[in-house]
Amino acid sequence: MTPARQNFTLSDGRNLEYLTNGLKSDSAIILHAGTTQDITGWQTWFDYFASHGIFALSFGRSGYAGSTKMPGRITIDVANDVAELASHLGISKFVNIGLSGGGQHAVATGLDSRSAGVVTVGSLAPFAELGDNFYTGMQEADLDEYAEALKDINLLVKRFQKWQEAGVSETVAGNDLSERDKLASSKPSWKVLLDSCALTMKQGWEWVADDYSSYLQPWGFDPRDVKVPSVIWQGGLDKNVPVQHGKWLAVNMPNARLELRADESHIGIFVNYEEEIMQSAIALLTSS
């Protein structure tokens, strides 16, 4: 059963929408969704963490569903929102997991004194740091997305609206599925994720400008200053966020290790290695 959405009023008056897995604790795993993913897209992960007695929650970045938009949002802004929410819920120790576009935001939370670690899955590295190498190996659809975001965000909104018309499963996951992708597509988390993306697109488009603003602007902090233990999960066949992004994070974050899976795609690694990814976060949270 999907828990009820909850709301928290931030210090600047914006609303932050969140979900929990029903447990309560002063330690937690906080889940940062990928681009287009609704907070309900973590339900199978919620169930797994609950079965292991771990309090977990997900939240909507600004512009998503019930979370108020924040024009010009940069990455560190999301970490500040998480810090307020954690204080509100009485959380004194946390590990943040970020999928895809949520990855860099999870990294930012590693600066918080309550952070026990960070886990990313197919996360972007800083646009300003990678330069043209940001795009190397990226599929055409993603190249077009960033080009439109830099030119006119309304063009990108129209692109996502066409995704909605065409069917989210084909546009998010693509049609050319590898054997590992086919394995992933047979598992519950694949459908939960894609259904949540479709839900986001039914609820509005304010998230588009906010998310791509944070992807393409400087992050507002230096990832080299994130010294907590971090696990960087990366697929070698990822065409959405190519392998150099994960490698850059692993090299430049002082206490990070790279978990590279050469035969996995962007969504494939998230689903096929989900238990290992969750266990890597639990290990950080429960370490002394």
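Residues numbered from 1 in each chain as written. Predicted model: local features only at pLDDT ≥ 70, side-chain atom pairs only at ≥ 80, totals over all residues. Heavy atoms only, no water.

## Digging into the pattern of salt bridges
Next up, step 1: The final tally for this structure, using the stated rule, is 17 salt bridges.
Next up, step 2: Measuring nitrogen to oxygen at the nearest pair gives 3.0 Å for the salt bridge that ties Asp 112 to Arg 114. Arg 114 carries the same exposure label as Asp 112, and that label is buried.
Next up, step 3: Across the pair Glu 259 and Arg 257 runs a salt bridge whose closest N-O atoms are separated by 2.8 Å.
Next up, step 4: When its relative accessible area of 43% is taken as the criterion, Arg 257 is described as partly exposed.
Next up, step 5: One network of salt bridges, in which partners are shared, links Arg 5, Glu 17 and Asp 38. (Salt bridge = Lys/Arg side-chain N within 4 Å of Asp/Glu carboxyl O. Buried < 20%, exposed > 50% of the residue type's maximum accessible area, 1.4 Å probe, protein only.)

## Quick word on helix H2 (residues 75-88)
Next up, step 1: Taking 1.5 Å per residue, 14 residues should reach 20 Å; H2 reaches 21 Å between its end C-alpha atoms and fits that length.
Next up, step 2: With 10 of 14 residues buried, H2 is to be regarded as a mostly interior element.
Next up, step 3: Listing the buried residues of H2 in full gives Thr 75, Ile 76, Asp 77, Val 78, Ala 79, Asp 81, Val 82, Ala 83, Leu 85 and Ala 86.
Next up, step 4: One or two positions beyond H2, positive phi appears at Gly 90, with a value near 75°. (Helix = DSSP H or I, 4+ residues; strand = E, 2+ residues; numbered from the N terminus. Expected span 1.5 Å × (residues − 1).)

## Quick word on the environment of His 88
Next up, step 1: As for its position among the elements, His 88 is in helix H2.
Next up, step 2: Sequence separation between His 88 and Leu 10 is 78 residues, and the spatial gap between their C-alpha atoms is 9.6 Å.

## Here's the deal with the environment of Met 70
Next up, step 1: Along the chain, Met 70 turns up in the loop between strand S4 (56-59) and H2.
Next up, step 2: Taking the C-alpha atoms as reference points, Met 70 and His 266, 196 residues apart in sequence, are found 27 Å from one another.
Next up, step 3: Ignoring sequence-local partners within four residues, the contact set of Met 70 consists of Arg 14, Ser 62, Asp 77 and Asp 210. (Contact = heavy atoms within 4.5 Å.)

## A short note on the packing of helix H1 (residues 43-51) against helix H9 (residues 188-202)
Next up, step 1: In contact at an axis separation of 8 Å, H1 and H9 are set at 130° when each is read in the N-to-C sense. The angle between H1 and H9 places the two elements in the oblique class. Side by side, H1 and H9 meet where Gln 43, Thr 44 and Trp 45 of the first sit next to Pro 188, Ser 189 and Val 192 of the second.
Next up, step 2: Residue composition of the contact of H1 with H9, grouped by class: three nonpolar, three polar and no charged. (Axes fitted to C-alpha atoms, helices over the stretch in contact; angles between N-to-C directions. Parallel < 35°, antiparallel > 145°, perpendicular 65-115°, else oblique. Nonpolar A, V, L, I, M, F, W, Y, C, P; charged D, E, K, R; others polar.)

## Here's the deal with the environment of Leu 111
Next up, step 1: Mapping Leu 111 onto the fold places it in the loop between helix H3 (103-109) and strand S6 (115-121).
Next up, step 2: Overall, the relative accessible area of 38% leaves Leu 111 in the partly exposed class.
Next up, step 3: Between the alpha carbons of Leu 111 and Phe 127 there is a distance of 20 Å; along the sequence they are 16 residues apart.
Next up, step 4: When sequence neighbours within four positions are dropped, the list of residues in contact with Leu 111 reads Ile 76, Phe 221, Asp 225 and Val 226.

## Observations regarding the sheet that holds strand S1 (residues 6-9)
Next up, step 1: Pairing in this open sheet of eight strands is mixed, and the strands run S1-S2-S4-S3-S5-S6-S7-S8 from one edge to the other. Looking at which strands have only one partner, the edges of the open sheet turn out to be S1 and strand S8 (256-261). Neighbouring strand axes in the sheet, compared pairwise and without regard to direction, differ in orientation by 25° on average.
Next up, step 2: As judged from the six bridges shared by strand S5 (residues 93-99) and S6, these two strands associate in the parallel manner. Bridge pairing in S6 places Val 95 opposite Gly 117. (Pairing = 2+ DSSP bridges.)

## A look at the side chain of Thr 36
Next up, step 1: Residue placement: Thr 36 occurs in the loop between strand S3 (27-32) and H1.
Next up, step 2: The buried category is assigned to Thr 36, whose relative accessible area is 3%.
Next up, step 3: In this structure Thr 36 touches Tyr 64, Phe 160, Ser 196, Cys 197, Thr 200, Met 201 and Trp 207, once residues within four positions along its chain are discounted.

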